[in-house]
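Take a look at the letters that make up each chain.
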Amino acid sequence: MKIGVIGAAGKIGQMRVQNIIENPETTLVAVMDMEMHRAVAVAHDAQAFTDLDRFFETDMDAVVISTPAHVREALCIQAFERGFHVLTEKPLAPTVEGARRIVAAAKKAGKALGAGFNMRYYPSFAYVKDIVASGVIGEIDHVRVYGGHDGLGHFTHDWEYQAEFSGGGALWDVGIHMTDMTRHILGEITSVYGVATNTVWNVPGSEDNAIAIFKNPKGIPAIYQASWIDWKGYKSAIEVYGACGMVRGTYAPMQNLLITMDKPGGVAKKTRKFYPEIMLREKLKSWKTTAVASFGAELADFVRLTRAEAGLRCADGHAGLRAIEIAAAVPESTRTGNPVTLKNLGDMTI
Ligand SMILES: NC(=O)c1ccc[n+]([C@@H]2O[C@H](COP(=O)([O-])OP(=O)(O)OC[C@H]3O[C@@H](n4cnc5c(N)ncnc54)[C@H](O)[C@@H]3O)[C@@H](O)[C@H]2O)c1
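Asker: What exactly am I supposed to notice about the overall build of the protein here?
Answerer: For the protein, the count of helices and strands is eleven helices and 15 strands. Against the compact-globule benchmark of 20 Å for 350 residues, the protein has a radius of gyration of 20 Å, which places it among compact chains. By its C-alpha atoms, the protein is 65 × 45 × 40 Å across when sized along the principal axes. Burial status across the protein gives 49% buried among its 350 residues. Considering only contacts in the protein between residues 6 or more positions apart, those separated by 24 or more positions represent 68%.

Asker: Mind showing me how you'd approach the site of the ligand here?
Answerer: Within the structure, the ligand sits among 21 residues, and Gly7, Gly10, Lys11, Ile12 and Glu89 are positioned closest to it. Here the element with the most residues in the shell around the ligand is helix α1 (residues 11-22); it accounts for three residues. Across the shell around the ligand, the residue classes tally to nine nonpolar, eight polar and four charged.

Asker: Would you mind showing me how to read the sheet that holds strand β4 (residues 62-65) here?
Answerer: Note: strands within a sheet are paired through backbone hydrogen bonds, in either parallel or antiparallel orientation. Reading across the sheet, the six strands line up as β3-β2-β1-β4-β5-β6 and stay open at both edges, with parallel pairing between neighbours. The open sheet has two free edges, formed respectively by β3 (47-49) and β6 (113-116), since each of these has just one partner strand. Neighbour to neighbour, the strand axes of the sheet diverge by 20° on average, direction disregarded. Sheet strands touched by helix α4 (residues 72-81): β1 (2-6), β4 and β5 (85-89). Its angle to β5, the strand with the most contacts, is close to 165°.

Asker: It is not clear to me how unusual backbone geometry should be interpreted in this structure. Could you clarify?
Answerer: Geometrically, the link from Tyr251 to Ala252 is a cis peptide bond, its omega value of -10° lying close to zero. Position of Ala252 relative to the elements: it lies in the loop between β12 (245-251) and β13 (255-260). Between Ala252 and Pro253 the backbone carries a cis peptide bond, its omega angle lying at 0°. Residue position: Pro253 is located in the loop between β12 and β13. You will see that His44, though not glycine, has its phi angle at about 50°, which is positive. Tracing the sequence through the fold places His44 in the loop between α2 (36-41) and β3. The residue Ala308 is not glycine, and still its phi comes out positive at about 60°. The class of Ala308 is exposed, set by 10 C-beta atoms lying within 10 Å.

Asker: Help me understand the pairing of β12 in this model?
Answerer: Along any regular strand the residues' side chains alternate between the sheet's two faces. For β12, a buried count of six out of seven residues is recorded, marking the element as mostly surrounded by other parts of the structure. Connecting the antiparallel pair strand β11 (residues 235-242) and β12 is a turn made up of two residues. In terms of strand pairing, β12 meets β13 through six bridges, oriented antiparallel. Paired with Val247 across the strands is Leu258, a residue of β13. Hairpin connection between β12 and β13: a loop of three residues separates the two successive antiparallel strands.

Asker: Could you clarify how one ought to interpret the domain arrangement of the protein in this entry?
Answerer: When the parts come together, some accessible area is lost, and that loss is often what is quoted as the size of the interface. What the domain assignment reports for the protein is domain 1 (2-118) and domain 2 (122-284 + 315-341). One C-alpha centre belongs to domain 1, the other to domain 2, and the line joining them spans 27 Å. On the side of domain 2, 19 residues touch domain 1, which itself brings 19 residues to the contact. It is helix α5 (residues 96-109) that contributes the most residues to the side of domain 1 that touches domain 2, six residues altogether. A breakdown of the residues in the side of domain 1 that touches domain 2 according to their chemical character gives 14 nonpolar, three polar and two charged.

Asker: So what exactly am I meant to see when it comes to the packing of α1 against helix α10 (residues 288-306) here?
Answerer: At a closest axis distance of 9 Å, the pairing of α1 and α10 adopts a crossing angle of 55°. With respect to α10, the axis of α1 lies oblique. For the pair α1 and α10, the crossing hand works out as right-handed. Residue-level contacts link Met15, Arg16, Gln18, Asn19, Ile20 and Glu22 of α1 to Ala291, Val292, Phe295, Gly296 and Leu299 of α10. Taken together, the residues of the contact of α1 with α10 break down into six nonpolar, three polar and two charged.

Asker: How should I be thinking about the sheet that holds strand β9 (residues 209-215) in this particular structure?
Answerer: Strand order in the open sheet formed by nine strands is β14-β13-β12-β11-β7-β10-β9-β8-β15, with mixed pairing between adjacent strands. Edge strands, defined here as strands with exactly one partner in the open sheet, are β14 (269-273) and β15 (340-341). In the sheet, β13 pairs with β14 via five bridges, with the strands oriented antiparallel. Pairing of Leu257 across the sheet is with Arg272, part of β14. Against the sheet, helix α6 (residues 123-134) engages β7 (140-148), β11, β12, β13 and β14, with an angle of about 160° to β12. Against the sheet, helix α11 (residues 317-336) engages β8 (191-197), β9 and β15, with an angle of about 70° to β8.

What counts, and at which threshold
- Residues numbered from 1 in each chain as written.
- Predicted model: local features only at pLDDT ≥ 70, side-chain atom pairs only at ≥ 80, totals over all residues.
- Helix = DSSP H or I, 4+ residues; strand = E, 2+ residues; numbered from the N terminus.
- Rg over C-alpha atoms; globule rule 2.2 N^0.38 Å.
- Buried ≥ 20, exposed ≤ 12 C-beta atoms within 10 Å, placed from the backbone.
- Contact = placed C-beta atoms within 7 Å.
- Near = placed C-beta within 6 Å.
- Nonpolar A, V, L, I, M, F, W, Y, C, P; charged D, E, K, R; others polar.
- Pairing = 2+ DSSP bridges.
- Axes fitted to C-alpha atoms, helices over the stretch in contact; angles between N-to-C directions.
- Domains from an automatic or database assignment.
- Parallel < 35°, antiparallel > 145°, perpendicular 65-115°, else oblique.
- Left-handed = near helix turned anticlockwise from the far one by under 90°.

Listed below in structure tokens is the structure:
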């Protein structure tokens, strides 16, 4: 598969470029960014562009879009109009309407839309998904999910936390991965009730903290929190409770706990996973090695998504859209005091 990368010189764009070069099924054919010297620096054997029309004239099958969110809608729509598959970073767009237009453009073109929820590939979270699917903890009773960090000091660019560019605050940033993780494990989220607050950082439109209850169509709930005021630092976690056990996945550190019982309240068997090779690799190199590995696995799945293969871990356009609808629904629920009902989107097919 021949792939071009827009925003290739950025922090994430460079990781995407590395993945495409390393994957035997993909070839990097073009890179584009705002300044030629930065594009050339990451081009390897591919062509470098600053002009979007010339970039789109390249003979290729798919485009990876790693720009900030506020410029992505136009890029995604043009890519679909040119007949390319698209893998784009999270959040899909800074507005619900923009995300819906991107999904509509993908459907009209009959091309695959991959949403960059790479945390699905973090081994501790993939383990949670696989354990739940195996049925060993029984029917899901409820989920607890969390994503947080210590807020504005975490960011290198203003666009990362200003709602006009990013869509909003903690719900759109660290929280959006765990919103998606909840849907990935619990199934579609069709009800959202919550409280978003903005009294610490006071960035207009960007919540510091959001506490919510999500429900799937069967009414099974998830207790959710996204935070920019976690003074302990970056952490994401999910716990799934079933009738015969529970499973927890965290990052960082990458860890799992699994408890299984033969019946509710039976003798508990505990299994813990610590991923020492990942901890050592991160200590010797950087946490970025974990991100790059997840982007690489996501790319491999995205290639299969373009072939309309089923049963993938990869997030599709509906996953990208629903995560944004939920990020918008929590502040709406805060304003009205009522839950927000969302229709069941299901999987997105090409
Ligand atoms: N999945 C994750 O874990 C994760 C982590 C961090 C960031 N992200 C997302 O990835 C995206 C990029 O973040 P980043 O940290 O790499 O930002 P960055 O600023 O390092 O990189 C963005 C790049 O896009 C380029 N760019 C901007 N507008 C462009 C345009 N119109 N055309 C072409 N290039 C353009 C910039 O010049 C820059 O090189 C953001 O949406 C962010 O939310 C995802």
